[in-house]
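One letter stands for each residue in the lines below.
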Amino acid sequence: MSLNTMHHVLILIFGLIFILPSYGQTLKVRGAQSEFDSTHDYYIGLIKLAYEKIDKPVDITFAPYMVQQRALNELKAGRLIDIYWAGTDSERESALGFVPIPLVKGLLGYRVFTAHKRAIEKLKKISTLEQLKQHRLCQGSHWPDTDIMIAAGLNVMPNTIYENMFKQAYSGRCFAFPRGINEAHSEVISRNQTMPDLIVYDKLILKYPFPMYFFTRKNNHELITNLANGLNKAIEDGSFDKYMKTHSSTKHLFPLSKWQSSSVIHIDNPFLDPSRNITDPKYWVSLGIKN
């Protein structure tokens, strides 16, 4: 090949590099927990927002739903999924890669009570941890919440299946199903047809510091960097807060001052890394509730 021909070939190659579309990252994500999993879309949208902020395309594909512990195992092994959102604890943080940005700014740690409407009168009479201990609560078997509540002395009935916990609360097998204040309302609305007497009691809130993070396998540095950069940009320019205030699963939370009439029961989270800054207003918000 002559030098002149080689020169033209190189020009063609470099031209194609700039003409061809730039393909982004493909992420495998677990599917919704059930047809009523009303918060699943929130986290998918947050991934897309993060990539939008760093001007990188992202293609999201869905794996079948799996219980939380299996999902974390698949994540660690780098098999069925690339990313998973979940409440954190020190064990998960040591085994997996993660982005230490709370995905709902700490609101997951404000738990309200999903229950059958017949439980309302009893819920109205509860104002202390000792009173709450007298009632059995549904909770996920592999969720850090379960360990937090058990450590506080609460009576917890674990279950591996997400949908079953709503059924148990509805039938009275457990008194109530504590859910994140960002989750409960949309979950109950989505079950109006099948469970018309399911309610959210939010005049009583169980509170503990509990951030939800994006997790991935330990060495997935590209994903961790992309999400951290994108989410931080969204926080800095206000689009993260705008997303929370407009998404169907979280918009009911605002203005946060609306919760000031609710009572709160505080418990500790002994499984959270003590070095975590849980007061930085950049990443954490607080409801206006009385202590």
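You'll find the structure just up there.
Bear in mind the structure is a predicted one, so any value in this text is a computation, not a measurement.

(A) Up close: the pattern of salt bridges. Across all of its chains, the model carries 14 salt bridges by this definition. A salt bridge links aspartate 241 to lysine 105; the nearest nitrogen and oxygen atoms lie 2.7 Å apart. With aspartate 241 in helix α11 (residues 239–246) and lysine 105 in the loop between β4 (97–99) and β5 (110–116), this pair connects stretches of sequence that are 136 residues apart. A relative accessible area of 30% places aspartate 241 in the partly exposed class. Here glutamate 187 and arginine 179 are joined by a salt bridge, their closest N and O atoms 2.6 Å apart. Using a relative accessible area of 1% as the deciding quantity, one classes glutamate 187 as buried.

(B) Molecular detail of the sheet that holds strand β3 (residues 84–87). Read from one edge of the open sheet, three strands run β3-β10-β4, paired in antiparallel fashion. The outermost strands of the open sheet, each flanked by one partner alone, are β3 and β4. Here the strands of the sheet are splayed against their neighbours by 40° on average, with no regard to which way each runs. Judged from the three bridges that link them, β4 and strand β10 (residues 212–216) form a sheet pairing that is antiparallel.

(C) Representation of helix α3 (residues 68–77) in the model. Taken together, the buried positions of α3 are occupied by Gln68, Ala71, Leu72, Glu74 and Leu75. Seen end-on, α3 carries its buried residues on one side only, within an arc spanning 160°. Buried residues along α3 sit in contact with β3, α4 (90–95), α7 (144–151) and β10. Note on α3: the residue one or two positions beyond its end, glycine 78, has a positive phi of about 70°.

Definitions and cut-offs
Residues numbered from 1 in each chain as written. Predicted model: local features only at pLDDT ≥ 70, side-chain atom pairs only at ≥ 80, totals over all residues. Heavy atoms only, no water. Salt bridge = Lys/Arg side-chain N within 4 Å of Asp/Glu carboxyl O. Helix = DSSP H or I, 4+ residues; strand = E, 2+ residues; numbered from the N terminus. Buried < 20%, exposed > 50% of the residue type's maximum accessible area, 1.4 Å probe, protein only. Pairing = 2+ DSSP bridges. Axes fitted to C-alpha atoms, helices over the stretch in contact; angles between N-to-C directions. Arc of directions from axis to C-beta. Contact = heavy atoms within 4.5 Å.

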